[in-house]
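Coordinates in review
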Amino acid sequence: MSGGIQRAGESRATAEPPIVRATLIGVALVFLALFLLLPLFVIFVEGLRQGVGAYFAALGERLELTHVATNRDTFAQGALRAAKWIANHPAGRYAMADVLGLSG
Amino acid sequence: MAKRLKEHSVLPGFGLTMGFSLLYLCLIVLIPLSATVLRSSTLSWSQFWTIVTDPRALASYRLTFGASFLAAVVNLVFGFLVAWVLVRYRFPGRRLVDGLVDLPFALPTAVAGIALTAIYSEKGWMGAPLAALGIKAAYTPLGVVIALTFIGLPFVVRTVQPVLEDLDREVEEASASLGASRWTTFHRVILPVVLPAAITGFTLSFSRAIGEYGSIIFISGNMPMKTEITPLLIVTKLEQYDYAGATAIAVVMLGVSFAMLLVINTLQRMTGQKRAVRG
């Protein structure tokens, strides 16, 4: 370990003991593995999760319309908007399309 | 004033370059910032105060500044260590690791956020073992600290690395020949030289973390009062067309950030001066 790590022509007086070096390198590498390699790895795994075949199939053509909600704020804002709108309207039956002004 | 600058300056073309720098600074930094202040000044003082001291806003300041500070401290310690290991030691894969350090800059922050959420959610690779220990990472302030650490990682490494590389080995040899132990040499000789660069890295990491948005919104869960960061609060207000409210909070953020950066810079100058006197 010490032979491979130690710089050529370096005197012992300006070097750390091998055990200190090994520990420092170990801690640095574990930290980087946890914070850098793991996210990178996950991205590749997630990207190819459906298999390489599916990935290449997608190179042809693909049109998708997907709704993904990652946050309940979206729904809360819709509810608030509807509440604001309905406050100024007489009692009755309304749809979201009325709130958004899409019902014509 | 102009005449005095002219007399004292040994740099050719000082007036021109100074004017150019100031113009650039105005166009890119000062004008947008003053627009923020102008926008929020449409509010009366009491309205402004009500918005910026709203409990939800206060909770978000605490999270944003607290988590950014913690993340910057983690980055200061581990970034220094990584820089030291990369400069001083030789081991297999060193160049690869050196290249990997810049990854957080290259990766779009939203991608980083989703990846980190996948890792640290309760069923993720890191989240599951942590959950077994009773620690929840994703959707808690801890998750915010983790994401901010990732985002700020390269700063300390990249500011400390060149200073360590330029450090003269002879100084260390002199220190050793005068009987200093390796540890004494490290904290009396090496550390004072590297410290200003490390503080610069800390400041950069800290200020980057304060403004960070993309990587946080996935991992934090954005629960008001608990895991909602200030930049998200600003975006929420913008989405509700509350421009004045959004800029009011932005002004507070700017003010606090500026004050903190000023303090850190002053500290840094003081450490620099101390070194100059000692040397």
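Residue numbers here run from 1 along each chain, matching the order of that chain's written sequence. Chains and ligands are labelled sequentially in the order written, the chains with letters from A and the ligands with numbers from 1. Under the rules for a predicted model, residues below a pLDDT of 70 receive no local features and side-chain atom pairs below 80 are neither given nor counted, while totals for whole chains, interfaces and linings still include all residues. Side-chain descriptors were evaluated using all non-hydrogen atoms of the structure, hydrogens and water having been removed beforehand.

Attention now goes to the overall build of chain A. Only DSSP runs of H or I reaching four residues or more are called helices, and only runs of E reaching two or more are called strands; each is numbered from the N terminus. Secondary structure assignment for chain A yields five helices and zero strands. Reading the secondary structure of chain A in the N-to-C direction produces α-α-α-α-α. When burial is assessed residue by residue, chain A has 18% of its 104 residues classed as buried. In the structure as shown, chain A presents an accessible area of about 7800 Å², 64% of it carried by carbon and sulfur atoms. Exposure classes here rest on a 1.4 Å probe applied to the protein chains alone. A residue is buried below 20% of its type maximum, exposed above 50%, and partly exposed in between. Per-residue and other accessible areas were derived by the Shrake-Rupley procedure at a 1.4 Å probe size, with only the shown protein chains allowed to occlude residues.

So, about the interface of chain A and chain B. Contacts between the two partners involve 30 residues from chain A, matched on the other side by 39 residues from chain B. Summed over both partners, buried area is the accessible surface (1.4 Å probe) that two parts give up on being assembled. Contact between chain A and chain B buries roughly 3300 Å² in total, counting both sides, with carbon and sulfur atoms accounting for 74%. In the sections that follow, a salt bridge refers to a side-chain nitrogen of Lys or Arg positioned within 4 Å of a carboxyl oxygen of Asp or Glu. Counting across the interface, chain A meets chain B through one salt bridge. Note that Arg182(B) and Glu16(A) form a salt bridge whose closest N and O atoms lie 2.6 Å from each other. Counted as a polar contact is a pair of N or O atoms within 3.5 Å, where, for protein atoms, one must be capable of donating a hydrogen and the other of accepting one, and residues adjacent in sequence contribute only when both atoms are in side chains. Put simply, chain A and chain B have two residue pairs in polar contact (both at pLDDT 80 or more) between them. Listing elements by their share of the side of chain A that touches chain B, those giving two or more residues are α1 (2–5) and α2 (18–47) of chain A. Ranked by residues supplied to the side of chain A that touches chain B, first place goes to α2(A) with 19 residues. For this classification, Asp, Glu, Lys and Arg are treated as charged, while Ala, Val, Leu, Ile, Met, Phe, Trp, Tyr, Cys and Pro are nonpolar and the rest, including Gly, are polar. Looking at the side of chain A that touches chain B, its residues break down into 21 nonpolar, five polar and four charged. Two residues qualify as a contact provided that any one of their heavy atoms is within 4.5 Å of a heavy atom in the partner residue.

What follows is about the packing of helix α10 (residues 169–177) of chain B against helix α11 (residues 182–211) of chain B. All names here are of chain B. It is the contact of α10 with α11, at a shortest axis distance of 10 Å, that shows an interaxial angle of 130°. In terms of orientation, α10 and α11 fall into the oblique class. Once α10 is placed against α11, the crossing between them reads as right-handed. Within the contact between the two elements, α10 uses Val 171, Glu 172, Ser 175 and Ala 176 and α11 uses Arg 182, Thr 185, Val 189 and Ile 190. Its residues placed into classes, the contact of α10 with α11 shows four nonpolar, two polar and two charged. A fitted line through C-alpha atoms serves as each axis, taken over the contacting stretch for helices, and the angle formed by two N-to-C directions is quoted from 0 to 180°. To sort the angles, those under 35 degrees are grouped as roughly parallel, those over 145 as roughly antiparallel, those from 65 to 115 as roughly perpendicular, and the leftovers as oblique. For a crossing to be left-handed, the near helix must be turned anticlockwise from the far one by less than a right angle; the clockwise case is right-handed.

For helix α3 (residues 45–52) of chain B, the set of buried residues is Phe48(B), Ile51(B) and Val52(B). What you see down the axis of α3(B) is that its buried residues fit within an arc of 85°, all on one side. As used here, the arc belongs to the directions running from the helix axis to the C-beta atoms.

The next point concerns the packing of aromatic side chains. Any Phe, Tyr or Trp ring, taking Trp's six-membered ring, that has another such ring centre within 6.5 Å forms a pair; planes under 30 degrees apart are called stacked, those over 60 apart edge-to-face, and the others tilted. As enumerated under the stated definition, the model contains 14 aromatic pairs over all chains in all. Aromatic side chains Phe31(A) and Phe35(A) sit 4.9 Å apart centroid to centroid with 35° between the ring planes, which places their arrangement in the tilted category. Taken together, the positions of Phe31(A) and Phe35(A), both in helix α2 and four residues apart, correspond to about one turn of that helix. Residue Phe35(A) is classed as buried on the basis of its relative accessible area of 13%. Seen from their ring centres, Trp45(B) and Phe48(B) are 5.5 Å apart, and the 20° between their planes marks the pair as stacked. Note that Trp45(B) and Phe48(B) are positioned in helix α3 at a spacing of three residues, about one turn of the helix. For Trp45(B), a relative accessible area of 64% puts it in the exposed group. A connected cluster of aromatic rings, assembled from ring pairs, spans Phe80(B), Trp84(B), Trp183(B) and Phe186(B).

Opposite charge on two side chains permits them to pair, given that their charged atoms come into close proximity. By the definition in use, this model includes 10 salt bridges over all chains. The salt bridge involving Asp98(B) is made with Arg158(B); its shortest N-O contact spans 2.9 Å. Of this pair, Asp98(B) sits in helix α5 (residues 94–100) while Arg158(B) sits in helix α9 (residues 141–166), placing them 60 residues apart in sequence. Residue class for Arg158(B) comes out partly exposed when judged on its relative accessible area of 25%. One salt bridge in this structure joins Asp242(B) and Lys237(B), with 4.0 Å as the shortest N-O distance. A residue is classified by how much of its surface remains accessible, and Asp242(B), at 27% relative accessible area, is partly exposed. Counted as one network, the salt bridges with shared partners bring together Glu16(A), Arg88(B), Arg169(B), Glu172(B) and Arg182(B).

With that settled, the discussion passes to the side chain of Arg182(B). Within the secondary structure, Arg182(B) sits in helix α11. Given a relative accessible area of 17%, Arg182(B) falls into the buried group. Among the polar contacts made by the side chain of Arg182(B), one reaches the side chain of Glu16(A) at a distance of 2.6 Å. Discounting chain neighbours no more than four positions away, the residues touching Arg182(B) are Ala13(A), Thr14(A), Ala15(A), Glu16(A), Trp84(B), Arg88(B), Glu172(B) and Ile190(B).

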